[in-house]
Each structure stands twice: as C-alpha cells, then as structure tokens.
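# What the coordinates show
Below are the chains, spelled out letter by letter.
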Amino acid sequence: MNRKRTHQTTSIDMYVNISAGKGVTIFSGVSFSDFIECIPTPVENILLLKSGYLAPKNRRGFEVLEGKDNISELLREDIYSYGDFSFIDYKDADSIEQLKNEHVAELLYLAHTLEPLKSPYFEALQNKFVYLSHDDGWWCKIFCRDLQIPISIAVNKLQKSIRYALRKNEYFLPDDAIEAVQKLSAKGLLVSINLSGQKRNSCTMKFYEVGECENPDTLFNSPAHKNLPVSFEALLK
C-alpha cells in the first residue's frame with residue numbers, strides 16, 4: 001500500500017473511526033504534521049519506533065526527540081518517504097532509562113506488528129498515546145488513553161481544512177457539525193469537503209457513515225461511498 005492520496009483540487013477528504021472498546025482510532029487524511037498541530041495538548045517528547053529519521057539523541061537503542069524544537073525539525077522532513085512511521089510519547093528522559101528489557105521488546109514488537117503485545121501503555125514512559133502510520137497522511141492508527149483527543153484532532157483538522165478551502169485565517173465548526181463528528185466517528189465517518197468556484201467563498205461539507213475501514217483504497221479510489229445516504233451536510237461560508 002505505497003501511495004499518496006491523490007485529491008482533485010476541488011475536494012478534501014478525511015476518514016476517522018474511533019473504536020471505544022479497543023481504544024483505537026483509524027485516520028486517513030490526517031498527516032503527522034496535522035496530528036502535531038491539531039492535538040489539544042502539545043507533544044513534547046517522542047520516542048521513534050519506526051522511521052527513517054536520525055534523531056539528535058539515542059536512548060536504549062531508540063531515536064528520541066526531546067522538546068518542541070526537535071519535533072519542529074522532524075516536521076520539516078518528508079515523512080511520507082519513510083513509508084512506515086511510528087512513535088510513542090514519553091514523560092521525560094529518565095522514564096526511558098526506567099524501561100525494563102521486556103518492555104523494550106514489547107516496543108519493538110509494537111513497531112513491527114502495529115499491535116501491542118500486552119498493552120500500548122507503559123508505566124515507565126507514562127505515555128498518553130501510540131502513533132502508528134503508513135504513507136504519511138494515508139493511513140494512521142492511534143492508541144489513545146483519552147478518546148476525546150482523537151475527536152479533538154478530527155474537529156481541529158476539519159477546521160484547518162476549511163480555513164484552507166475558504167482562505168480564512170480563522171474558522172470554527174458549528175456546534176451541530178461537531179456533534180455529528182462525535183456521533184459518527186464511532187461508526188466510521190467519511191468527510192468530504194467540496195470547494196465551490198474559483199473564488200473559494202463557500203464550500204460544501206458532507207458526512208457519510210461508512211463503517212470500519214482498514215484500507216483507505218476502498219474509500220478514496222472507489223466512488224461507491226457516494227451512493228450512501230448523507231448523514232450530515234452543511235454549506236460553509
């Protein structure tokens with residue numbers, strides 16, 4: 001599944017499915033830079049599980065980025081070129097040194113299989129999430145302690161996309177749209193934002209309930225979802 005999303009210039013799409021029972025969210029249309037920009041609480045420390053990036057520091061055999069400046073440097077990289085890109089947050093440098101050998105093995109297993117051997121959360125690291133992706137922006141799986149976080153990421157990403165679509169410095173989703181995101185993301189939500197005209201003074205946003213989807217190809221390279229009923233629609237200006 002080595003490919004980039006190929007949008008038409010008149011459309012912006014995003015998929016999100018939040019499985020509360022498993023504590024897992026699947027995203028498509030959300031890149032690493034989107035994640036860092038849209039997460040409600042800033043990410044300050046990253047332990048890279050899988051990437052092509054050589055970080056300034058290495059601890060216990062893992063490339064690590066400590067502080068916002070180092071993360072900003074990573075944001076300038078072509079994350080898509082890495083193919084697989086995965087990381088876990090951690091509290092501070094000392095927490096990595098407290099990892100037991102079996103926990104290091106669990107992290108390596110997580111990086112390889114994209115599934116936790118036991119739990120995606122490590123007491124020593126005090127991590128809030130695990131980020132596992134393939135082809136940056138195409139497919140992403142997030143394990144998250146607080147499932148309000150992926151909802152906030154989805155809402156903030158949509159607001160970011162609409163600001164781009166309407167060429168506005170600021171835009172906030174109406175309350176009914178946010179409520180629809182909260183409700184439908186638990187059922188597999190596909191959002192399509194279609195731009196209107198050359199001036200970009202309006203756009204149409206449609207929500208579709210599409211169910212679980214592990215492979216975005218079935219959504220974005222097939223028009224079948226367009227035959228589904230629209231669960232929510234809004235003209236945004």
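Our subject is the structure that appears above.
Residues numbered from 1 in each chain as written. Predicted model: local features only at pLDDT ≥ 70, side-chain atom pairs only at ≥ 80, totals over all residues. Heavy atoms only, no water.

To continue, consider the packing of aromatic side chains. Under the definition given, this model contains 12 aromatic pairs. Seen in terms of ring centroids, Phe-85 and Tyr-131 are 6.2 Å apart; in terms of plane orientation they differ by 75°. Their pairing is edge-to-face. Taken as a pair, Phe-85 in strand S6 (residues 84-89) and Tyr-131 in strand S7 (residues 129-134) lie far apart in primary sequence, 46 residues in all. With 5.9 Å between their ring centres and 85° between their planes, Phe-87 and Phe-129 make a pair best called edge-to-face. A residue pair is termed long-range when its members are at least 10 positions apart, and Phe-87 in strand S6 and Phe-129 in strand S7 qualify at 42 residues. The buried category is assigned to Phe-129, whose relative accessible area is 3%. Through pairs of rings, three or more aromatic residues link up here, namely Phe-32, Phe-35, Tyr-82, Phe-85, Phe-87, Phe-129 and Tyr-131. (Phe/Tyr/Trp six-rings, centres within 6.5 Å; stacked < 30°, edge-to-face > 60°. Helix = DSSP H or I, 4+ residues; strand = E, 2+ residues; numbered from the N terminus. Buried < 20%, exposed > 50% of the residue type's maximum accessible area, 1.4 Å probe, protein only.)

Time to look at the pattern of salt bridges. If you walk through the whole model with that rule in mind, you get 10 salt bridges. For Arg-59, the salt bridge is made with Glu-66, and the minimal N-O distance between the two is 2.8 Å. A salt bridge links Glu-97 to Arg-59, with the nearest nitrogen and oxygen atoms 3.7 Å apart. One end of the pair, Glu-97, is in helix H3 (residues 93-97); the other, Arg-59, is in strand S4 (residues 57-59), and 38 residues separate them in sequence. Residue classification places Glu-97 among the partly exposed positions, given a relative accessible area of 44%. (Salt bridge = Lys/Arg side-chain N within 4 Å of Asp/Glu carboxyl O.)

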